[in-house]
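# Fold and contact review
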Amino acid sequence: MSDIEDEYQVQIKSPEPNGEDNFPEQVVIIPIMNSPIFPGMIAPIILSEDKFTRELEDYLIKTGYVALNLVKSELKDGDGNLISDDEIDLENREIKPSDIYKVGVLCKVVKKLKLPDGSVNILVHGIKRYRVSGFLSETPLIKANIDVFNDILESDEELDAYTRSVINQVKRLSEINPYLNEEMKLAMINSPSPGALADLVAFAISLDIPEAQDFLETLVVKKRFAKLLVYLKREKDVADIQKKISDEVNDKVNKYQREYFLREQMKVIRTELGMDEDDKSRDLKKMSDQLEDVDMPEDALRAVREEMERLEVIPDSSPEYNVARTYINWMLDLPWSKYSQDKVDIKLARKILEKDHYGLEKPKERILEFLAVRKLKPKYDGTILCLAGPPGVGKTSLGKSIADSLGRKFYRFSLGGMRDEAEIKGHRRTYVGAMPGRILHALKRVEVNNPVIMLDEIDKLGSSYQGDPSSALLEVLDPEQNSSFIDNYLDVPFDLSKVLFIATANYIGNIPAPLLDRMEVIELSGYTIEEKVSIAAKWVIPKQLEKHGLKKSEFSLSTAVLKKLVTDYAREPGVRVMEQYVAKLCRKAALEKVSSKRSKKFAPKATDIEKLLGSPVFQSEMAQKKMRPGVVTGLAWTAYGGEILLIETLPLKGKGGLKLTGQLGNVMNESANIAYSFVKKILEGELSLKAKKPTRKRTRGVIEQPVSLVKEDAPMEDFLSKHEVHLHLPAGATPKDGPSAGITMALALYSLATNKRVKSGLAMTGELSLTGKVLPVGGIKEKVLAAKRAGIKTIILPQENAKDLKEVPERHRKGLKFFPVETFDQVLKIALQR
């Protein structure tokens, strides 16, 4: 049994006299749904016309009493399930005895007034707490037997302390709570008892239905005061927060009002003194003057005028003022009609390209063709150029040379790592800090609408949840669309058709196909050793001497030193690393000059380079003079240029099978398995190797066609079925992939199986098909240069790659013999020693 039940039981067993009032034993209960009424309170109750029935009116006239009970906050349906708040319609729902609390307040009717709309206002005075002992009827009126209770009051020092604490809390709360006014304070002082004081304060603060019912059911006054202190503390905390929020709002409002009044006063003072206009008027006048000088399209002009009209009515203290002002400034600063005159001079362009770049004959020729078309038809909307090649080969400087040749302004920005399409198309003005995209930033910087804009590292674009920049570039680079390019920030079309876009990339395979389709790719291959040596002598060394404060008479590097520097330290396709090593040698020369009293020229020999620069970064493979069976020299392409590649095979005891090592990729693994299957068929004598009639032809002493093939009746040993073969490609730490080593691996397997040596000074490249055809591969120029560096004299390559030899300069082909082949049997005839 709970404490409340104990209190009721005590009073039922030992009832206290109710004074002079004789309360009825049966009452009519009116359910109330909002704020509760406590004993001692006088409050109105409004009943609608349908609720104030004839039976209720007769009962009030007869007894003069009515009971008020709170409706439970959680109602249940007929099955005992809780009804959600959305399903409760208290206005139209018929309240049952089970929907109300049993403890309520017995009230005396003071006054009854009928209102014009038919409802009735009943003024009641709360008398005592009571409890329903049993319900007598539900309709048309809820009648019940009741037990009336008095407060349980124990007068002592603790009760006095509770009373004073409540009064003090109310005094503090009265400063911010409008309900606790002076009248309330006076009523508290004149309260007839501590219980009445507690009920009065509880009535003044906002309690929800469960809390109010719990307070109503508490008969012991001390417990009632304890609960009341908790409620007052909560009210004080909420009131403090409300006051803090209100003070902050008032401070902001007062600040804006104060600034507004001060600005208005400043305007009046400036007007009286005849001083200049205020900042806002001066800005608007400046914008109007600029607008007259700018020749922009009708759509853009309309947008600017609308924004200026809006700016006139916005206070300059408002954040919207700066947003609108920034937008107008951007519109006025863009070069809508400003452009630079093209000055295309092919002779001058050729001179500029030759001055700034060594080699790169094909790219320079294509650029001159491009400029020639621009000279004949200035409004030519040609394909966007894309310069593709390894780092450091001069892609960016080629773009700058194109701009110089045209007499246009040049702007470059990198697309590497860009993941937000707003970088290209701008942000919408609804975002804080919104700005136009990089394209319009570039146009504003160069102040003309026909510059050369270089989109650097276009193959390194990213994508994220913020969008795909490569998709945004489709509109920029498409001549059919970029004449009406719409930046999200401006929200008006801008003509980009006069802009010459040049893109650069290291690997075109990473560029999305729709974007690549809009560009013409110009390949820039790496420099040869001889080209790097010439570049170092003509450009790199003079540049570094000037940078480090050295004279030509104090520093020199011989051709042998430069060759060693390139082959052992700077083998990358470009010249950046070579320039870094030349700079390092210049620093050592500067240190030697400052440290030594004698003026001595810094001219190291090739043997001194390792001492000055440390151990070589690269180790070059050289052609072996004597090859054992199963070892063949191949040619490979790398990001640093061409390399020779030794392929080694070793027989093991077993019943056949191929073991591959050397960190081979998937494509190279497949090529090795094709070579193994093909050679195994040859050795089993089940594959007939036939070729065209033997011919021998020389082309300018360079290209030779081989004679015939292996004899059809040659005996073949079933070697591969009786041995497991281990095939390895050094170096093991370097990843390798691609199909170009197909014929090389097949020849190594055949040489091992037949115990025949491959001719020394011979290397090869070519893809092998499963039927023995030799298919074309890439990187012929780089592979030929690598073969010559390694001392190779004879090169076997696919017949379809013979045309690629024209790309190799004549000076590099000198001393080499080339054998284009169509089938593998031709490879055997050329490569094996007799």
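Just so you know, these numbers come straight off a predicted model, no measurement behind them.

## Focus: the packing of aromatic side chains
Evaluation of the coordinates by the stated rule reveals 9 aromatic pairs. A centroid spacing of 5.6 Å and a plane angle of 85 degrees characterise the contact between F38 and F215, whose relative ring orientation is edge-to-face. Of this pair, F38 sits in the loop between β1 (26-32) and β2 (42-47) while F215 sits in helix α6 (residues 209-216), and the two are 177 residues apart along the sequence. Summarising the burial analysis for this pair, F38 and F215 share the class buried. Over the aromatic face of Y327 sits the side chain of R429, whose NZ or CZ is 3.8 Å from the ring centroid.

## Things to note about the environment of I367
Mapped onto the fold, I367 is located in helix α12 (residues 361-376). Residue I367 is classed as buried on the basis of its relative accessible area, which comes to 1%. It is 9.8 Å that separates the C-alpha atoms of I367 and S401, two residues lying 34 residues apart in sequence. When residues no more than four places from it in sequence are discounted, the contact partners of I367 are L353, L398 and I402.

## A short note on the sheet that holds strand β9 (residues 452-456)
Reading across from one edge, β8-β9-β12-β7-β13 is the order of the 5 strands in this open sheet, with parallel pairing throughout. Both outer strands of the open sheet, β8 (410-414) and β13 (519-523), are each paired with one neighbouring strand and no more. Mean inter-strand twist for the sheet, computed between neighbouring axes without regard to direction, equals 25 degrees. As judged from the 4 bridges shared by strand β7 (residues 384-388) and strand β12 (residues 500-505), these two strands associate in the parallel manner.

## What to know about helix α23 (residues 742-754)
The end-to-end C-alpha distance of α23, which contains 13 residues, comes to 18 Å, matching closely the 18 Å that a straight helix rising 1.5 Å per residue would cover. Taken across its 13 residues, α23 has 12 buried, putting it largely inside the fold. Of all the positions in α23, only G742, I743, T744, M745, A746, L747, A748, L749, Y750, S751, L752 and A753 are classed as buried. Looking one or two residues past α23, N755 carries a phi angle of roughly 60 degrees, positive in sign.

## So, the confidence of the model for the protein
Mean pLDDT for the protein: 80, with 87% of residues reaching 70 or above. Segment residues 84-90 is flagged for pLDDT under 50; beyond a separation of four residues in sequence, or across chains, it makes 4 contacts in the model. Across residues 686-716, confidence stays below pLDDT 50; counting only partners more than four residues off in sequence or on other chains, it has 53 contacts.

## Overview of the pairing of strand β5 (residues 120-137)
Direction of pairing for β2 relative to β5: antiparallel, over a ladder of 6 bridges. Residue pairing for β5: I46 is matched across the bridge by N121. Of the strand pairs in this sheet, strand β4 (residues 103-114) and β5 are connected by 11 bridges, and their pairing is antiparallel. Opposite K111, over in β5, you have L123 as the bridge partner. The antiparallel pairing of β4 with β5 creates a hairpin that spans 5 residues between the two strands, and G118 there sits at a positive phi of about 95 degrees. Across 7 bridges, the pairing between β5 and strand β6 (residues 142-149) is antiparallel. Within the sheet, the bridge partner assigned to R131 lies in β6 and is D147. Hairpin geometry of β5 and β6 is characterised by an intervening segment of 4 residues between the two adjacent antiparallel strands.

## A word on the pattern of salt bridges
Counted under the stated rule, the structure contains 33 salt bridges. Between E307 and R310 there is a salt bridge, and its shortest N-O distance comes to 2.7 Å. Taken together, the residues E307 and R310, both in helix α9 (residues 298-313) and 3 residues apart, mark about one turn of the helix. A relative accessible area of 8% places E307 in the buried class. With a closest N to O distance of 3.4 Å, K460 and D459 form a salt bridge. Of the residues examined, K460 reaches a relative accessible area of 36% and is grouped as partly exposed.

## Looking at the packing of α9 against helix α10 (residues 319-333)
In contact at an axis separation of 10 Å, α9 and α10 are set at 150 degrees when each is read in the N-to-C sense. Looking at the two axes, α9 sits roughly antiparallel to α10. Between α9 and α10 lies a crossing whose hand is left-handed. The segment α9 lies against α10, with A300, A303, V304, E307, M308, R310 and L311 engaging E320, Y321, A324, R325, Y327, I328 and M331.

## Describing helix α13 (residues 395-406)
Under the 1.5 Å per step criterion, the end-to-end length of α13 is 17 Å for 12 residues, consistent within 8% with the ideal 16 Å. Those residues of α13 that fall on the buried side of the exposure criterion are K395, L398, G399, S401, I402, A403, S405 and L406. Buried residues belonging to α13 abut α11 (346-356), α12, β7, β8, β9 and β12.

## Quick word on unusual backbone geometry
With an omega of -5 degrees, the peptide bond between T139 and P140 qualifies as cis. Looking at the secondary structure, you find P140 in the loop between β5 and β6. Of note, E447 is a non-glycine position whose phi angle comes to about 65 degrees, a positive value. Checked against the element boundaries, E447 lands in the loop between α15 (438-446) and β9. The backbone of D491 shows a phi angle near 65 degrees, a positive value even though the residue is not glycine.

Calculation criteria
- Residues numbered from 1 in each chain as written.
- Predicted model: local features only at pLDDT ≥ 70, side-chain atom pairs only at ≥ 80, totals over all residues.
- Heavy atoms only, no water.
- Phe/Tyr/Trp six-rings, centres within 6.5 Å; stacked < 30°, edge-to-face > 60°.
- Helix = DSSP H or I, 4+ residues; strand = E, 2+ residues; numbered from the N terminus.
- Buried < 20%, exposed > 50% of the residue type's maximum accessible area, 1.4 Å probe, protein only.
- Lys NZ or Arg CZ within 6 Å of the ring centre and 35° of its normal.
- Contact = heavy atoms within 4.5 Å.
- Pairing = 2+ DSSP bridges.
- Axes fitted to C-alpha atoms, helices over the stretch in contact; angles between N-to-C directions.
- Expected span 1.5 Å × (residues − 1).
- pLDDT = per-residue confidence, 0-100.
- Salt bridge = Lys/Arg side-chain N within 4 Å of Asp/Glu carboxyl O.
- Parallel < 35°, antiparallel > 145°, perpendicular 65-115°, else oblique.
- Left-handed = near helix turned anticlockwise from the far one by under 90°.

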